[in-house]
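# Structural features, examined
One letter stands for each residue in the lines below.
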Amino acid sequence: MKIALPSDGSQVDEHFGHCQCFTIFEVDDKNQIASEETLTPPAGCGCKSNIVPQLADMGVSVMLAGNMGGGAVNILASHGIQVVRGCSGDVHEVARAWLAGQVTDSGMGCQSHHDSGGCPGHS
């Protein structure tokens with residue numbers, strides 16, 4: 001299994017659609033982090049780029065994120081990626097906490113997004 005987190009350095013990025021990179025952890029059969037890699041998304045809004053199919057093709061099945069709009073949640077779900085929102089802090093600590101069953105989805109979307117639109121216009 002692979003889990004991904006939108007990242008800014010070693011911290012969970014609060015904005016999925018404009019993150020610096022994704023930290024991707026491969027989890028072994030003992031539910032431990034076996035390896036780590038990073039993926040730099042294309043410029044622009046993540047929910048309107050090809051990043052979600054790319055993450056799915058890499059085998060990512062869970063996205064641990066800070067905030068994201070409904071459009072991004074729907075796109076991720078349509079590619080078989082479970083979304084867990086409300087995450088913050090060090091990506092390694094968040095991933096380990098999720099693996100230990102200590103993290104659940106906040107159900108809160110990004111307030112600057114429209115539920116159906118996904119990405120706001122940024123200037």
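Please refer to the structure higher up on the page.
Report on the accompanying structure. Quick caveat: nothing in here was measured; it's all calculated off a predicted structure.

Counting 18 residues, the largest nonpolar core has Phe16, Phe22, Ile24, Leu55, Met63, Met68 and Leu76 as its most contacted members. If near-sequence neighbours (up to four positions away) are discounted, Phe22 is found in contact with Leu5, Pro6, Ser7, Phe16, Glu37, Thr38, Leu39, Pro41, Ile51, Leu55 and Met63. Judged by nonpolar contacts, the second largest core, of 16 residues, contains Val94, Ala97, Trp98 and Leu99.

Turning to helix 2 (residues 70-78), a few remarks are in order. Within helix 2 the residues assigned to the buried category are Gly71, Ala72, Val73 and Leu76. On its buried face, helix 2 sits against helix 1 (51-57), strand 5 (60-64) and strand 6 (82-84).

With that out of the way, let us pick up helix 3 (residues 91-99). Taken together, the buried positions of helix 3 are occupied by Val91, Val94, Ala95, Ala97, Trp98 and Leu99. For helix 3, the elements touching its buried residues are strand 1 (2-8), strand 2 (11-12), strand 3 (21-27), strand 4 (33-39), strand 5 and strand 6. The N-cap residue of helix 3 is Asp90: its side-chain oxygen and the backbone nitrogen of His92 are 2.9 Å apart. Looking one or two residues past helix 3, Gly101 carries a phi angle of roughly 80 degrees, positive in sign.

The rules behind each value
- Residues numbered from 1 in each chain as written.
- Predicted model: local features only at pLDDT ≥ 70, side-chain atom pairs only at ≥ 80, totals over all residues.
- Heavy atoms only, no water.
- Core = buried A, V, L, I, M, F, W, Y, C linked by side-chain atoms within 4.5 Å.
- Buried < 20%, exposed > 50% of the residue type's maximum accessible area, 1.4 Å probe, protein only.
- Contact = heavy atoms within 4.5 Å.
- Helix = DSSP H or I, 4+ residues; strand = E, 2+ residues; numbered from the N terminus.
- Polar contact = N/O pair within 3.5 Å; in protein donor to acceptor, adjacent residues only side chain to side chain.

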